[in-house]
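Fold and contact review
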Amino acid sequence: MIDLLFRGGLRLLTGAQTFWKGEAYPYPEKVQVYFANHSSHLDAVLIWSVLPPELRSKTRPVAARDYWNKYRFRRHLSQKVFRAVLIERTHCTKENHPVLQLTEVLDGGDSLIFFPEGSRGGGEETGTFKSGLHHLVSRFPDAEYIPVYLENLNRVLPKGEVLPVPLICTVTFGNALPLIADESRNDFLHRAREAVLNLKREL
Amino acid sequence: MDPQLKILLGVIFLLLGIASGIGRVLEKRSEKANAVIRNLNARIKAWWVMCIFFSLAVLIGPKMTLVLFTLMSFLALREFVTLIAPGRGDHRALFWAFFVITPLQYYLIGIGWYGLSMIFIPVFGCLWMPIRNALTGETEDYMARTALVQWALMICVYFVSHAPALLFLDIPGYAGPNAKLLFFLVIVVQMSDVLQYVWGKTLGKHPIAPSLSPGKTIEGFVGGVLSASLVGMAMFRITPFSWWQAGLFSLLICIMGFFGGLVMSAIKRDRGVKDFGSFIEGHGGMLDRIDSIIFSAPLFFHLVRFYFS
C-alpha cells in the first residue's frame, strides 16, 4: 500500500520517462548492478520505482545511512518499502566497509542500484567515479553492470532542499558494460563514467 | 441525469465507437505497419480515455470537475517548468506555484468567490513570485527567470481555470446544469483541433505559419474552424444561446483555440522540442492537448458572464 502510494507520488513528481537502450533487458540471467549519475536523494528510489515489478522485487538501492536512517518515516521507507542497502559514508571501518556489504547482497542473488560518484555532485556536472565501483567489479565480476543516466532529478530535489518541485525526469538504461581483463582501475572508472554520460548524449 | 446531457454523452461515445471501428478497418487493410494509421489509432484510444475521465468527473459534480482540472493544471505546469529548466534560485518559488497557488486558485473558483479568483494569480501570485525569487539572493537571470514562472502560472493555471469556472456562473433562464456549457466549450475546441487536422491532411496546401508549425495550413484552418463552428451551432439547444449566438461563440472559440496552438508551437520551437511530453500516447503532453482550451476558455467565460449572467 505504502509502496504503491510512494511510487504514485514519485511518478507525479517526476513523470519518469524510461528508456531502455540495452539488449539484455528484461530477463537477465545474472544479477545486475545499475550504476548511475547521482544528483539527488531521490535518484536511487526513482530507478527502483521504474524497474518492472519482477526486477524491482529483487533489486535493492544503495543509499546513504545518514540520510535514510535519520527519521522514522525515512527509515520505514528505506527498510520496509524498497529494502535499501544502507551504507556508511563517513565512518568506514574494515568491518562495515560498503563493498563487503554490497558483495554479500549480490551473493544472495539480489541486484543493486549504485552511485559511483559517492556523494552528490553540485547538480549539473557528473563527478569522477570513486574506486568503489572498481572494487565491486573485481570482487564480483559475475554480474551485469548496467549504466543508467538520470536527467533533471537534481532539479526536483536540489541539494539542501527539503521540498520537491515536480518536473519530468528521464531514466535511460544502457547496455551492460563489457568487462576487460587487466584493465587499470582508472581506465575502468573512466570507461564506466563515459558509458553513463553517453546515454545523455543519445537523448 | 439531465436528458440533454444523456443524449450528448451518447453521441460522443457513439462517434468514438465509429472512429475506433474505422481505425481498426484501416489497420487491417494496410499491409505493412503504417505509422500514420498507428498514430491515428493511438489518438483514438487516448480520446476514449480522455472522454471517459472528463465525462465521469463532470457527472460526479462540480467538485470532481475542479479536482480533474487541478490535476490537469498540475501536469501542464510540470511540462512547462520542465521546458524552463529552472535553476537553484527558482526552486522555492516553484514549490509555491505547484503546491500552494495552483490548488488555491481552484479552491477559490470552487467556493464561488469570483472577484478573488479572477485577481488571485495575476495580482497576488505575480507579486509573490518575484518576492520569493528575490529572497533567495540569486540574481543571475533574475528577470527572465521570474517572468517565466509568472507566465507559467498564467498559462497553465489561471487561463485553464476559466473553463471549470463556467460551472459556477449563474445564468438566469438557463435550465439544466452548467456542465453542458463546459461540454459545449470543450467539444467545440476539440472538434476544431480534430477537423483542422483532417482538413489539413486532406486538402492542406498553403502553410499558414511555416516557421512555427509547418503542419498548419490555410485550408485546414478555414475548413476546420468553419466546420467546428457548425458543430457548435448545431449544439445550441444545450446552451443558453440562440442558434446564431452559439455559432458566433463557436467561431470565436475556434479562432482563439487556433491561436493557442500557434503560441504553444512558438514556445516549443523556442525550446527545440516537438511535444511538451509523452503523457498521452499519440497526443504528446498535457499542454499539447489543452493548448486551445487555455486560450479560448477565458474569452468564452467572460463573454458569457457579461452577456448572459
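So, how was this worked out
Residues numbered from 1 in each chain as written. Chains lettered and ligands numbered in written order. Predicted model: local features only at pLDDT ≥ 70, side-chain atom pairs only at ≥ 80, totals over all residues. Heavy atoms only, no water. Helix = DSSP H or I, 4+ residues; strand = E, 2+ residues; numbered from the N terminus. Buried < 20%, exposed > 50% of the residue type's maximum accessible area, 1.4 Å probe, protein only. Contact = heavy atoms within 4.5 Å. Areas by Shrake-Rupley, 256 points an atom, 1.4 Å probe, with all protein chains shown as cover. Buried area = accessible area lost by both parts, 1.4 Å probe. Salt bridge = Lys/Arg side-chain N within 4 Å of Asp/Glu carboxyl O. Polar contact = N/O pair within 3.5 Å; in protein donor to acceptor, adjacent residues only side chain to side chain. Core = buried A, V, L, I, M, F, W, Y, C linked by side-chain atoms within 4.5 Å. Axes fitted to C-alpha atoms, helices over the stretch in contact; angles between N-to-C directions. Parallel < 35°, antiparallel > 145°, perpendicular 65-115°, else oblique. Left-handed = near helix turned anticlockwise from the far one by under 90°. Nonpolar A, V, L, I, M, F, W, Y, C, P; charged D, E, K, R; others polar. Pairing = 2+ DSSP bridges. pLDDT = per-residue confidence, 0-100. Disulfide = S-S within 2.5 Å. Patch = residues over 30% accessible without salt bridge, like charges linked within 9 Å, V, L, I, M, F, W, Y side chains within 5 Å. Domains from an automatic or database assignment.

What follows covers the overall build of chain A. For chain A, the count of helices and strands is nine helices and seven strands. A burial count over chain A gives 53% of its 203 residues as buried. For chain A, restricting intrachain contacts to residue pairs at least 6 apart in sequence, the fraction spanning at least 24 positions comes to 72%. When the accessible area of chain A is evaluated, it comes to approximately 9900 Å², of which 52% is carbon and sulfur surface.

This paragraph deals with the environment of V189 of chain B. All names here are of chain B. With respect to the helices and strands, the residue V189 is situated in helix α7 (residues 179-203). By relative accessible area, V189 is classed as buried at 1%. Taking the C-alpha atoms as reference, V189 lies 20 Å from A209; in sequence the two are 20 residues apart. Residue contacts for V189: discarding those within four places in its chain leaves I253, S292, I293 and S296.

Our next topic: the interface of chain B and chain A. If you look at the interface, chain B gives 17 residues, while chain A gives 19 residues. In total, chain B and chain A occlude about 1500 Å² of area from one another, counting both sides; carbon and sulfur atoms represent 63% of this. By the criterion of area lost to chain A, the three top residues of chain B are R78, R88 and H91 of chain B, representing 40% of everything that side buries. Across the contact surface, chain B and chain A share one salt bridge. For R92 of chain B, the salt bridge is made with E161 of chain A, and the minimal N-O distance between the two is 2.6 Å. Summed over the shared surface of chain B and chain A, the result is six residue pairs in polar contact (both at pLDDT 80 or more). At the level of secondary structure, the elements contributing two or more residues to the side of chain B that touches chain A comprise α3 (62-84) and α4 (91-110) of chain B. With six residues, α4 of chain B is the largest single contributor of residues to the side of chain B that touches chain A.

On to the nonpolar core. Counting residues in each nonpolar core, the largest one holds 121 residues, and the members touching the most others are F184 and F300 of chain B. In terms of residue count, α3 of chain B provides more of this core than any other element does, 12 residues in total. In this structure, V33, L112, A192 and V196 of chain A belong to the second largest nonpolar core, which totals 28 residues.

Glancing now at the packing of helix α1 (residues 3-29) of chain B against α7 of chain B. Residues and elements named next belong to chain B. Their axes nearest at 11 Å, the elements α1 and α7 cross at an angle of 25°. When the axes of α1 and α7 are compared, the pair comes out roughly parallel. The chirality of how α1 crosses α7 is left-handed. Of the residues in α7, those touching α1 at Q4, L5, L8, L9 and I12 are K180, F183 and I187. For the contact of α1 with α7, the residue count by class is six nonpolar, one polar and one charged.

Residues and elements named next belong to chain A. Strand order in the open sheet made by the seven strands is β1-β7-β6-β2-β5-β3-β4, with mixed pairing throughout. Edge positions in the open sheet fall to β1 (17-20) and β4 (85-87), since each of these has one partner strand only. Each strand of the sheet is rotated relative to its neighbour by a mean of 20°, with strand direction disregarded. Relative to β4, strand β3 (residues 59-64) runs parallel, the two sharing three bridges. Looking at β4, one finds that V62 is bridged to V85.

Turning our attention to the confidence of the model for chain B. Per-residue confidence for chain B gives a mean pLDDT of 91; residues scoring 70 or more make up 99%. Within chain B, α4 of chain B carries the highest mean pLDDT (96), whereas helix α2 (residues 35-60) of chain B carries the lowest (88).

What follows deals with the pattern of salt bridges. Residue and element names in this part refer to chain B. Applying the stated rule across the entire model yields 11 salt bridges over all chains. In this structure, D193 and R289 form a salt bridge, with 2.9 Å as the shortest nitrogen-oxygen distance. One end of the pair, D193, is in helix α7; the other, R289, is in helix α10 (residues 286-308), with 96 residues separating them in the sequence.

Now for the state of the cysteines. The final tally for this structure, using the stated rule, is zero disulfides over all chains. C156 of chain B provides the cysteine sulfur closest to C169 of chain A, a residue in no disulfide bond, and the two sulfurs are 17 Å apart. Its relative accessible area of 0% is what places C169 of chain A among the buried residues. For C126 of chain B, which is in no disulfide, the shortest distance to another cysteine sulfur is to C156 of chain B and amounts to 13 Å.

Residues and elements named next belong to chain A. Of note in the backbone geometry, N152 takes a positive phi value of approximately 85° without being a glycine. Assignment of secondary structure puts N152 in the loop between β6 (143-151) and α8 (153-156). Positive phi, close to 60°, is recorded for D182, a residue that is not glycine. Overall, D182 belongs to the exposed group, its relative accessible area being 82%.

Moving on, we get to a nonpolar patch on the surface. Residue and element names in this part refer to chain B. A cluster of nonpolar side chains, I7, V11, L14, L15, I18, I22 and L26, forms an exposed patch at the surface whose accessible area comes to about 650 Å². Counting through the fold element by element, I7 comes out in helix α1. Judged by relative accessible area, which is 57%, I7 ranks as exposed.

What follows concerns the domain arrangement of chain B. Residue and element names in this part refer to chain B. Its domain assignment divides chain B into domain 1 (1-60), domain 2 (61-161) and domain 3 (169-309). Spacing between the C-alpha centres of domain 1 and domain 3 amounts to 18 Å. Counting residues at the interface gives 15 residues for domain 1, matched by 19 residues for domain 3. Here domain 1 and domain 3 share an interface that buries about 1600 Å² over both sides, 75% of which is from carbon and sulfur atoms.

Moving on, we get to the environment of S309 of chain B. Residues and elements named next belong to chain B. For S309, the location among the structural elements is in the segment after α10. On the accessibility criterion, S309 (42% relative accessible area) is partly exposed. Sequence spacing of S309 and L71 is 238 residues, and the spatial spacing of their C-alpha atoms is 28 Å.

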